[in-house]
Amino acid sequence: MDGAIDTLGSAADFDFFIGDWNIRNLRLKERFAGSDDWEIFPATSSVRKILEGTGNFEEMHMPSQGFTGMTLRLFNPRDGSWSLHWADSRSNVLFPPVIGHFDNGKGVFYGEDMDDGVPVRVRFLWTPSPEAPLWAQAFSKDGGETWETNWVMEFTRA
């Protein structure tokens, strides 16, 4: 091998997401209880490129939920991965990142977090689309053997 890094992604992976969005949120009302009762609520977001195109910043407004949130996405050109960092006005802390990449038209990102004091593995799935991308969050209590999707966002251009 010639020492070149084989990247899996590019700094343009999230270009489909730049702009203003209306969001239909579907959030599971009770996690890890076998529930299929979803809370549905609207949100809006605005996403812009930062750091000479190697990252983006999203600010999300969820007035019916009483908080705002932000995501900082940073591309790592050394390995082609993205790190996604979330914070919101309820906690005012930066949550642990999820890290991953796009492959075969899907973005898959993993991380570690806590859910009501219990450690969980976190998975974000991104389905890119210029007009209607989809994001889904799932938690696993068994290290990734099984997953429960607990939040889905359906985006449409504002």
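These remarks concern the structure in this document. Predicted model, so just to flag it, every value in this text is computed and none were measured. (Residues numbered from 1 in each chain as written. Predicted model: local features only at pLDDT ≥ 70, side-chain atom pairs only at ≥ 80, totals over all residues. Heavy atoms only, no water.)

**Things to note about unusual backbone geometry**
With a phi close to 55°, Phe32 is a non-glycine residue in the positive phi region. Topologically, Phe32 is positioned in the loop between β1 (19-28) and β2 (38-50). The phi dihedral of Leu51 falls on the positive side, at around 55°, and the residue is not glycine. By the secondary structure assignment, Leu51 is in the loop between β2 and β3 (55-62). (Helix = DSSP H or I, 4+ residues; strand = E, 2+ residues; numbered from the N terminus.)

**Focus: the pattern of salt bridges**
Tallied over the full model, the rule gives eight salt bridges. Between Lys29 and Asp37 there is a salt bridge, with its nearest N and O atoms 3.7 Å apart. By relative accessible area, which is 54% here, Lys29 ends up exposed. A relative accessible area of 39% places Asp37 in the partly exposed class. With a closest N to O distance of 2.7 Å, Arg121 and Glu112 form a salt bridge. Of the residues examined, Glu112 reaches a relative accessible area of 46% and is grouped as partly exposed. (Salt bridge = Lys/Arg side-chain N within 4 Å of Asp/Glu carboxyl O. Buried < 20%, exposed > 50% of the residue type's maximum accessible area, 1.4 Å probe, protein only.)

**Side note on the environment of Ser91**
Relative to the elements of secondary structure, Ser91 occurs in the loop between β5 (81-88) and β6 (98-103). Distance from Ser91 to Arg123, taken between C-alpha atoms, is 21 Å for residues 32 residues apart in sequence.

**Quick word on the nonpolar core**
Phe14, Phe17, Met62, Leu84, Phe109, Trp126 and Phe155 are the most contacted members of the largest nonpolar core, which has 27 residues in total. In terms of residue count, strand β8 (residues 118-127) provides more of this core than any other element does, four residues in total. Apart from the residues within four sequence positions on either side, Leu84 is in contact with Phe14, Leu72, Arg73, Pro97, Val98, Phe109, Phe124 and Trp126. (Core = buried A, V, L, I, M, F, W, Y, C linked by side-chain atoms within 4.5 Å. Contact = heavy atoms within 4.5 Å.)

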